[in-house]
Amino acid sequence: ELAARRAPGGELVLLISRGEALEQRAWAVNMLSNLHELRLANYVVLRDDRAACASLLRMAAAFSGDLGGEVGCAWCKPSCLRALHLRPGERRALNDLWLLRWWLASELLRLRLASVLVLDMDVHVAASPFPLLRAPPLSRAALIFERDRGPQRGAGLNAGCVWLSRESAAPGGPTHGL
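Residues numbered from 1 in each chain as written. Predicted model: local features only at pLDDT ≥ 70, side-chain atom pairs only at ≥ 80, totals over all residues. Heavy atoms only, no water.

Visitor: Describe the nonpolar core, naming the residues involved and giving the relevant values.
Guide: The tendency in soluble globular proteins is for nonpolar side chains to be buried side by side. By size, the foremost hydrophobic cluster in this structure holds 23 residues, and its most contacted members are L15, Y43 and L56. In terms of residue count, helix α2 (residues 22–37) provides more of this core than any other element does, five residues in total. In this structure Y43 touches R6, L12, V13, L15, L32, L35, E70, V71 and G72, once residues within four positions along its chain are discounted. Core analysis: the next-biggest nonpolar cluster, separate from the first, contains 20 residues, L100, L104, L109 and V162 among them. (Core = buried A, V, L, I, M, F, W, Y, C linked by side-chain atoms within 4.5 Å. Buried < 20%, exposed > 50% of the residue type's maximum accessible area, 1.4 Å probe, protein only. Helix = DSSP H or I, 4+ residues; strand = E, 2+ residues; numbered from the N terminus. Contact = heavy atoms within 4.5 Å.)

Visitor: Can you tell me about the pairing of strand β2 (residues 43–47), naming the residues and giving the values?
Guide: Of all five residues in β2, five are buried; the element is thus mostly enclosed. Side chains of β2 alternate between two faces, with Y43, V45 and R47 and V44 and L46 buried alike. One ladder, built from four bridges, connects strand β1 (residues 11–16) with β2; its direction is parallel. Its bridge partner lying in β2, V13 is registered against Y43. Pairing geometry for β2 and strand β3 (residues 73–75), over three bridges, is parallel. Directly across from R47, in β3, lies its bridge partner W75. (Pairing = 2+ DSSP bridges.)

Next comes the structure, spelled out in structure tokens:
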């Protein structure tokens, strides 16, 4: 529900923020400030629990008072993950939030509610990515991602910046089964 409300134009940025260490807090506040400067409010930050969301709102207000009211934050407890048929780890871990992020992205695509831009908190956004993603040649792409280690053999995908187009998620479309 929050994700659908935060994506009135059909585009949503999904972020994960975990932990209260200074480095993690700095990444979160930097990303939120970055999005605020670009006037991008169509994002949801996934955190471990309600207290972690409250902490994020306090951090945003403390470091940049004008962010407090616009931060979209959601959480999911391990029991919720199990109800979604996801397999949470023994302890709440970053992997649980990754599972939640990909589940939410797939649901938004399946329901065709939004195209999804998945970003890690250590990404810097210099301009709104949406005009670029909507224009050729990128507008023809169903999925955009980056390689993790370059072109050498065995290189994997880096999920720190992934674009999933809802137009391609129609039954039989390129990202339908994703």
